[in-house]
Amino acid sequence: MPQFEVVRRGLFLIIACSSLTLSQGALAAGKEGGAGQLAGDIVSAGRLRMQSQRLAKLYQQAGMGLNAAQAMQQIDVSMSQIDAEFTRLGGSARKPNVRRVLTRSEALWQEMRVAMKQAPGPASAERVNQLADELMIHAGKLSMLIEAEGETPVGRLIDLSSRLNMLSQRLARLYLLAQGGSRAQGVLVDIEQARREFSTGLNELDTAQENSPASRDAVGLAKNQWVFFESAINRLGIADRGNEKAAQNVATSSERIAQVLDLASSQYARDYTDATRLLR
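Since we're looking at a predicted model, the values are computed, not measured.

Quick notes on the rules
- In this numbering scheme, every chain counts its residues from 1 along its sequence in written order.
- In view of the model being predicted, local features appear only for residues whose pLDDT reaches at least 70, and side-chain atom pairs are presented and counted only at 80 or more, with totals across whole chains, interfaces and linings using the full set of residues.
- For the side-chain quantities, the full set of heavy atoms in the structure was used; hydrogens and water were omitted.
- The numbering of helices and of strands both runs from the N terminus, where a helix is a DSSP run of H or I of at least 4 residues and a strand a run of E of at least 2.
- When a residue's accessible area, from a 1.4 Å probe over protein chains only, is under 20% of the maximum for its type it is buried; when over 50% it is exposed; and in between it is partly exposed.
- Any two residues whose heavy atoms approach within 4.5 Å at even a single point are treated as in contact.
- All accessible-area figures derive from a Shrake-Rupley calculation using a 1.4 Å probe, and residue coverage is judged against the displayed protein chains alone.
- Multiplying 1.5 Å by the residue count of a helix minus one yields the expected span of that helix.
- Definition used for salt bridges: Asp or Glu carboxyl oxygen within 4 Å of a side-chain nitrogen of Lys or Arg.
- Each Phe, Tyr or Trp ring (for Trp, its six-membered ring) is paired with any other whose centre lies within 6.5 Å, and the angle between the two planes then decides the class: stacked below 30 degrees, edge-to-face above 60, tilted in between.
- Here the axes come from fitting lines to C-alpha atoms, over the contacting stretch only for helices, and the angles between their N-to-C directions go from 0 to 180 degrees.
- Note on terminology: angles under 35 degrees are roughly parallel, angles over 145 are roughly antiparallel, angles of 65 to 115 are roughly perpendicular, and the others are oblique.
- With the far helix as reference, a near helix turned anticlockwise by less than a right angle produces a left-handed crossing, and one turned clockwise produces a right-handed crossing.
- Charged means Asp, Glu, Lys or Arg here, nonpolar means Ala, Val, Leu, Ile, Met, Phe, Trp, Tyr, Cys or Pro, and polar covers whatever is left, Gly included.
- Side-chain atoms within 4.5 Å are what join buried Ala, Val, Leu, Ile, Met, Phe, Trp, Tyr and Cys residues into a set we call a nonpolar core.
- We define a polar contact as two N or O atoms separated by no more than 3.5 Å, with the added condition that, inside protein, one atom must be a possible hydrogen donor and the other a possible acceptor, whereas residues neighbouring each other in sequence contribute only through side-chain atom pairs.

Engineer: Any chance you could break down the overall build of the protein chain for me, citing the residues and the numbers?
Structural biologist: When helices and strands are counted, the protein chain shows eight helices and zero strands. In the protein chain, buried positions account for 48% of the 280 residues. Put simply, of all contacts in the protein chain between residues at least 6 apart along the chain, 82% involve residues at least 24 apart. Carbon and sulfur atoms form 57% of the exposed surface of the protein chain, whose accessible area is close to 13700 Å².

Engineer: Residues and numbers for helix α7 (residues 213-234), please.
Structural biologist: For α7, spanning 22 residues, the distance from its first C-alpha to its last is 31 Å, which sits close to the expected 32 Å at 1.5 Å a residue. When we look at burial in α7, the residues that qualify are Ser215, Ala218, Val219, Ala222, Gln225, Trp226, Phe229, Glu230, Ala232 and Ile233.

Engineer: Could you give an account of the pattern of salt bridges, naming the residues involved and the relevant values?
Structural biologist: Inspection of the entire model under this criterion finds 19 salt bridges. Note that Arg88 and Asp41 form a salt bridge whose closest N and O atoms lie 2.4 Å from each other. Taken as a pair, Arg88 in helix α2 (residues 68-90) and Asp41 in helix α1 (residues 3-63) lie far apart in primary sequence, 47 residues in all. Note that Glu85 is salt-bridged to Arg47, the shortest N-O span being 3.4 Å. Residue Glu85 is located in helix α2, and its partner Arg47 is located in helix α1; the two are separated by 38 residues in the primary sequence. A residue is classified by how much of its surface remains accessible, and Glu85, at 12% relative accessible area, is buried. Given the relative accessible area of 25%, Arg47 is considered partly exposed. Members of the salt-bridge network, linked through shared partners, are Asp133, Arg170, Arg173 and Asp190.

Engineer: Tell me about unusual backbone geometry, and name the residues and values.
Structural biologist: Positive phi is not limited to glycine here, since Asn67 has a value of about 50 degrees. Locating Asn67 in the fold gives a position in the loop between α1 and α2.

Engineer: Mind laying out the environment of Asp262, listing which residues take part and the relevant values?
Structural biologist: Here Asp262 shows up in helix α8 (residues 244-278). Measuring from C-alpha to C-alpha, the distance between Asp262 and Ala218 comes to 9.4 Å, with 44 residues separating the pair along the chain. When residues no more than four places from it in sequence are discounted, the contact partners of Asp262 are Arg47 and Asn165.

Engineer: Which residues make up the packing of aromatic side chains, and what values go with them?
Structural biologist: A full pass over the atoms with the stated rule returns two aromatic pairs. Put simply, the rings of Phe198, Trp226 and Phe229 pair up and form one aromatic cluster.

Engineer: Break down the packing of helix α3 (residues 96-115) against helix α4 (residues 122-147) for me, with residues and values.
Structural biologist: In contact at an axis separation of 9 Å, α3 and α4 are set at 160 degrees when each is read in the N-to-C sense. In terms of orientation, α3 and α4 fall into the roughly antiparallel class. For the crossing formed where α3 meets α4, the hand is left-handed. In this structure, α3 uses Asn97, Val98, Val101, Leu102, Arg104, Ser105, Leu108, Trp109, Glu111, Met112 and Ala115 to contact α4, whose residues at the interface are Arg127, Val128, Leu131, Ala132, Glu134, Leu135, His138, Ala139, Lys141, Leu142, Leu145 and Ile146. Class assignment for the residues of the contact of α3 with α4 results in 15 nonpolar, three polar and five charged.

Engineer: So what's going on with the nonpolar core? Residues and values would help.
Structural biologist: Counting 75 residues, the largest nonpolar core has Trp109, Met112, Met116 and Leu142 as its most contacted members. Broken down by secondary-structure element, the contributors of at least two residues to this core are α1, α2, α3, α4, α5 (154-179), α6 (185-206), α7 and α8. The element contributing the most residues to this core is α5, with 14 residues. Beyond its immediate sequence surroundings of up to four residues, Leu142 is in contact with Ala45, Leu48, Leu89, Val98, Val101 and Leu102.

Engineer: So what's going on with α2? Which residues, and what values?
Structural biologist: The end-to-end C-alpha distance of α2 is 33 Å, a good match for the 33 Å that 23 residues give at a rise of 1.5 Å each. Taken as a whole, α2 has its buried residues at Ala71, Gln74, Ile75, Ser78, Met79, Ile82, Glu85, Phe86 and Leu89.

Engineer: Outline the environment of Val219, listing residues and values.
Structural biologist: As for its placement among the helices and strands, Val219 is situated in helix α7. In this structure, the C-alpha to C-alpha distance between Val219 and Thr207, residues twelve residues apart in sequence, is 9.8 Å. Setting aside anything within four residues of it in sequence, one finds Val219 in contact with Leu202, Leu205, Asp206 and Tyr268.

Engineer: Outline the side chain of Arg54, listing residues and values.
Structural biologist: By the secondary structure assignment, Arg54 is in helix α1. On the basis of relative accessibility, which here comes to 10%, the residue Arg54 falls in the buried class. Separated by 2.9 Å, the side chains of Arg54 and Glu255 make a polar contact. In this view, Arg54 contacts Gln74, Ser78, Gln169 and Glu255; residues no more than four positions away in its chain are not counted.

Rendered as C-alpha cells:
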C-alpha cells in the first residue's frame, strides 16, 4: 500500500475518533445540564407547594395580630419569589400535561395574590385558605409530573423533602386556625394527620439509602428543628386557646424548619445531578 494512502487512512481514523469523543462529551454535558434543569424544576414546584401553605399561615398570623407587620412584609417578599418560580418553570419546554397543570397553578396563584391584598379578616382568610389548598394540590401534581421524567431515585427525595416543607407550613397554619378559635373536628383531625405524615416522611428521608453525607446532614438539621416544632404543636389544647406565646413558638419554629428543609431540597437537587452524571 502506498505510504500516502496509509497516512491518509490514519488521519481519517484520528479525525473520526476525535469527532466521536467530542460528540460523546457534548451529549454528556447536555445530559448533565438536563439533569440540573430537571432537579431545579422539582425544587421550584416544591417551593410553590410549600409557599401556598406558608403564605396562608402568614396571612392567618397577621389576622391574629401576631407580629402582623412582619408577617405582611414576609408575604410581600414571598410573592416576588413565587412569581420568579413561575417564570423559571414557564421558561422551559414542557409536555402538554405538565403545561396544563402549570397554567392552572399559575391561575390559582394570581387569584390568591389578589385575595391576600385584602385586609385580613374572617371572610378573606377563608378565601385565602381555600385557594392555598387548591394551589397546594396542583403544585403537588406538577412536582410529581416533573419528577416522573427523572432517571434516579434521588428525584423522589427532592419531592419528599419539599412535601415535608409544605406539611410543616400546613401544620402551623392549622394550629393558628385552632388557636384563633376554630376547633372544628376537621381542623383537629387535619392537624393530627399532617403531624403523622410529617413524622413518617422525615423518617423515610433519614433512612433513605440514596442519601449522601451532605443530604444526611441536612436531614439531621430538619430532625433537630422538628423536635421543637412538634413539641409546640402537641401542646395545643383548650387551655392554650388565645395563648400568644404558644402561637408565637409555632410561628417561629415553622419558619426555622422551612429554612432547613429548603436547604435539604437544594442538597438533594445537587445529589440528583451527581447521580445522573454517574449513570453516563
